[in-house]
Protein chains: 2
Amino acid sequence: MNTDNFNTDFTPLTVEPNRIYDYSFETILEEYGPHDYNDDEWSIIRRIVHASADFELGKSVILHPDAIRAGVESIRAGRPVIADVQMIQSGSGRKRFQKHGGDLFCHIADEDVSKMAKEHNTTRAIISMQKAARLHEGGIYAIGNAPTALLELIRLIREGIAKPDLIIGMPVGFVSAAESKEELAKVTEVPFITNVGRKGGSTVTVAALNAISILADRQD
Amino acid sequence: MNTDNFNTDFTPLTVEPNRIYDYSFETILEEYGPHDYNDDEWSIIRRIVHASADFELGKSVILHPDAIRAGVESIRAGRPVIADVQMIQSGSGRKRFQKHGGDLFCHIADEDVSKMAKEHNTTRAIISMQKAARLHEGGIYAIGNAPTALLELIRLIREGIAKPDLIIGMPVGFVSAAESKEELAKVTEVPFITNVGRKGGSTVTVAALNAISILADRQD
């Protein structure tokens with residue numbers, strides 16, 4: 001690659017990733033206002049705000065009191081992480097879980113999932129959750145797109161078929177998204193991270209997942 | 001895969017993707033209120049709102065008057081689409097561009113990009129834009145994450161090194177995101193889709209890109 005056209009005019013603030021994070025997190029703390037979160041909890045919330053630039057969304061988050069401990073232990077034990085869509089898989093990346101002996105899976109584009117969804121006239125999202133529950137033991141489910149995936153996962157838990165360590169459930173949208181998250185907030189068997197309302201999506205789900213994985217990396 | 005645990009209780013509304021879109025788009029039209037967009041323009045706006053459930057974000061969008069024509073022609077001509085991050089590549093998918101003879105590229109994880117960014121103490125996002133400008137002729141640049149990528153692309157255009165057909169520039173965040181989009185809105189050489197403020201991100205960038213590709217698929 002030719003390097004004639006390099007630009008060296010950017011300020012350090014613009015090109016040093018750690019300083020960008022620090023500055024962003026300071027701004028978020030300032031503008032969010034007073035809160036009762038402990039440091040670990042706040043590290044989740046501020047990353048969700050960072051990924052969305054949306055304080056309303058940040059303030060709509062519900063953190064189950066056992067969510068962080070469960071998520072950190074799951075990653076450290078090398079248990080699987082299951083994403084509903086590939087955007088989450090590529091946004092979070094497999095490496096951060098592989099280094100603990102785990103991995104990040106997404107079954108929505110699997111050929112057998114697609115085939116079975118057609119046969120049964122249902123969504124690939126639903127079938128992909130059924131496949132994940134059969135294939136993987138425990139783990140973290142990160143659902144940011146498909147309300148049907150989240151509703152199906154909740155059903156599988158209630159029927160004793162799935163037993164995740166943690167659910168990060170933040171699907172976005174106008175059909176069933178808010179309702180699926182209301183259902184998640186009623187789940188007693190599994191800790192969760194979710195939010196109230198229509199907002200959510202893959203980027204904020206990745207933000208929450210990455211915040212948990214950063215806590216799992218910490219030496220303590 | 002065993003199929004013991006199929007659920008057939010979901011209502012048709014929940015599992016038929018086309019009906020979910022129709023219902024969502026009706027709701028968005030209703031709640032958005034009066035607007036002056038033509039049908040093609042509205043198909044971009046409503047998809048951005050659909051992906052974010054955020055009307056404020058939807059109303060902050062700036063559509064260059066030539067953006068849709070330029071994007072549709074670019075895709076139909078099989079020209080490249082370049083994403084700043086892999087979330088956009090996996091969220092939009094390569095197939096929708098390959099069927100027109102094009103493809104969707106993302107250079108941020110390329111080995112030479114990573115090496116050169118370290119050597120020059122700059123971001124991979126900046127180097128990846130330089131690589132894209134050298135490697136590809138024209139095309140659509142879809143930037144949803146890195147303000148530095150967008151600022152660098154604008155610089156490359158001003159210096160006559162890059163000449164995209166269309167820029168979809170909607171990075172999110174607290175450092176340089178809003179500023180980079182203000183710069184984009186001043187660009188006269190290339191049509192653009194952008195928005196005002198800190199909000200944005202990969203999911204809404206994918207939404208705008210997919211809306212353009214749906215228009216490119218249309219027979220007219």
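A quick note: this is a predicted structure, and the numbers were derived from the prediction, not measured.

Let us now look at the overall build of chain A. On a plain count of helices and strands, chain A comes out with 12 helices and 6 strands. For 220 residues, the compact-globule estimate of 2.2 N^0.38 gives 17 Å, and chain A sits close to it at 18 Å. For the C-alpha atoms alone, the extent of chain A along its principal axes is close to 55 × 50 × 40 Å. Within chain A, buried positions represent 60% of all 220 residues. Long-range contacts, defined here as pairs at least 24 residues apart, represent 67% of the contacts in chain A between residues at least 6 apart.

Attention shifts here to empty space enclosed by the protein. If you walk through the whole model with that rule in mind, you get 1 cavity of 30 Å³ or more. Approximately 140 Å³ is the volume found for the largest cavity. Around the largest cavity, the lining is made up of 16 residues, and of these Ser52, Leu57 and Gly200 of chain A together with Ser52 and Gly200 of chain B lie nearest the centre. Those elements that provide at least two residues to the lining of the largest cavity are helix H3 (39–52) and helix H12 (202–217) of chain A together with helix H3 (39–52) and helix H12 (202–217) of chain B. The class makeup of the residues in the lining of the largest cavity is 6 nonpolar, 6 polar and 4 charged.

Here the focus is the packing of aromatic side chains. Using the criterion set out here, one finds 6 aromatic pairs over all chains in the structure. Arranged with centres 5.9 Å apart and planes meeting at 80°, the rings of Phe55 of chain A and Phe174 of chain B form a pair that is edge-to-face. Placement of the pair is Phe55 of chain A in helix H4 (residues 55–59) and Phe174 of chain B in the loop between strand E5 (166–169) and helix H11 (177–185), with the two residues belonging to separate chains. It is Lys59 of chain B that lies over the ring of Tyr32 of chain B; its NZ or CZ is 4.5 Å from the centre.

To continue, consider the pairing of strand E4 (residues 140–143) of chain A. Residues and elements named next belong to chain A. With burial as the criterion, each face of E4 is covered, one bearing Ile140 and Ala142 and the other bearing Tyr141 and Ile143. In the sheet, E4 pairs with strand E5 (residues 166–169) via 4 bridges, with the strands oriented parallel. Bridging across to E5, Ile143 finds its partner in Gly169. On the question of chirality, the crossover connecting E4 to the parallel E5 by way of helix H10 (residues 147–158) is right-handed.

A few words on the side chain of Ser202 of chain B. Among the structural elements, Ser202 of chain B can be located in helix H12. Contact partners of Ser202 of chain B, with chain neighbours within four places excluded, come to Met87 and Thr203 of chain A together with Val85, Met87, Ile88, Gly144 and Asn145 of chain B.

Residues and elements named next belong to chain A. Counted as a void, the second largest pocket has a volume near 200 Å³. In this structure, the second largest pocket is lined by Phe25, Asp39, Asp40, Trp42, Ser43, Arg46, Arg47, Ala211, Ile214, Leu215 and Arg218. Elements supplying a minimum of two residues to the lining of the second largest pocket: H3 and H12. With 6 residues, H3 is the single largest residue contributor to the lining of the second largest pocket. Here the lining of the second largest pocket is built from residues that sort into 5 nonpolar, 1 polar and 5 charged.

This paragraph deals with the UniProt feature "domain: Cobalamin biosynthesis precorrin-8X methylmutase CobH/CbiC" (unreviewed entry) in chain A. Within this numbering scheme, the UniProt entry marks residues 20–213 of chain A as carrying the feature "domain: Cobalamin biosynthesis precorrin-8X methylmutase CobH/CbiC" (unreviewed entry). Annotated as 55% helix and 11% strand, the span residues 20–213 of chain A places its first and last C-alpha atoms 20 Å apart.

Further remarks concern the sheet that holds E5 of chain A. Residues and elements named next belong to chain A. The strand order E1-E6-E5-E4-E2-E3 describes an open sheet built from 6 strands, whose pairing is mixed. Of all strands in the sheet, those with a lone pairing partner are strand E1 (61–63) and strand E3 (104–106), marking the two edges. Strand after strand, the sheet turns through a mean of 15° between neighbouring axes, direction not considered. Bridging between E5 and strand E6 (residues 192–195) involves 3 bridges; their strand directions are parallel.

Moving on, we get to the pattern of salt bridges. On inspection of all chains with the given rule, the structure shows 34 salt bridges over all chains. Two residues, Asp217 of chain A and Lys99 of chain A, come together in a salt bridge whose shortest N-O distance is 3.0 Å. Of this pair, Asp217 of chain A sits in helix H12 while Lys99 of chain A sits in the loop between helix H7 (95–98) and E3, and the two are 118 residues apart along the sequence. A residue is classified by how much of its surface remains accessible, and Lys99 of chain A, at 55% relative accessible area, is exposed. One salt-bridge network, held together by shared partners, links Asp54, Glu56 and Lys199 of chain A together with Asp54, Glu56 and Lys199 of chain B.

Residues and elements named next belong to chain B. Its 12 residues place the ends of helix H9 (residues 124–135) 16 Å apart at the C-alpha level, agreeing with the 16 Å of an ideal helix rising 1.5 Å per residue. Most of H9 sits inside the fold, with 9 of its 12 residues counted as buried. Within H9, burial applies to Ala125, Ile126, Ile127, Ser128, Met129, Gln130, Lys131, Ala132 and Ala133.

Analysis parameters
Residues numbered from 1 in each chain as written. Chains lettered and ligands numbered in written order. Predicted model: local features only at pLDDT ≥ 70, side-chain atom pairs only at ≥ 80, totals over all residues. Heavy atoms only, no water. Helix = DSSP H or I, 4+ residues; strand = E, 2+ residues; numbered from the N terminus. Rg over C-alpha atoms; globule rule 2.2 N^0.38 Å. Buried < 20%, exposed > 50% of the residue type's maximum accessible area, 1.4 Å probe, protein only. Contact = heavy atoms within 4.5 Å. 1 Å grid on protein atoms, 1.4 Å probe; cavity = no way out; pocket = protein on both sides within 12 Å on 5 of 7 lines; lining within 4 Å. Points joined across faces, edges and corners; volume = space filled by probe spheres on them. Nonpolar A, V, L, I, M, F, W, Y, C, P; charged D, E, K, R; others polar. Phe/Tyr/Trp six-rings, centres within 6.5 Å; stacked < 30°, edge-to-face > 60°. Lys NZ or Arg CZ within 6 Å of the ring centre and 35° of its normal. Pairing = 2+ DSSP bridges. Right-handed = clockwise from strand over helix to strand, strands pointing away. UniProt positions renumbered as here; feature names shortened; annotations may be inferred. Axes fitted to C-alpha atoms, helices over the stretch in contact; angles between N-to-C directions. Salt bridge = Lys/Arg side-chain N within 4 Å of Asp/Glu carboxyl O. Expected span 1.5 Å × (residues − 1).

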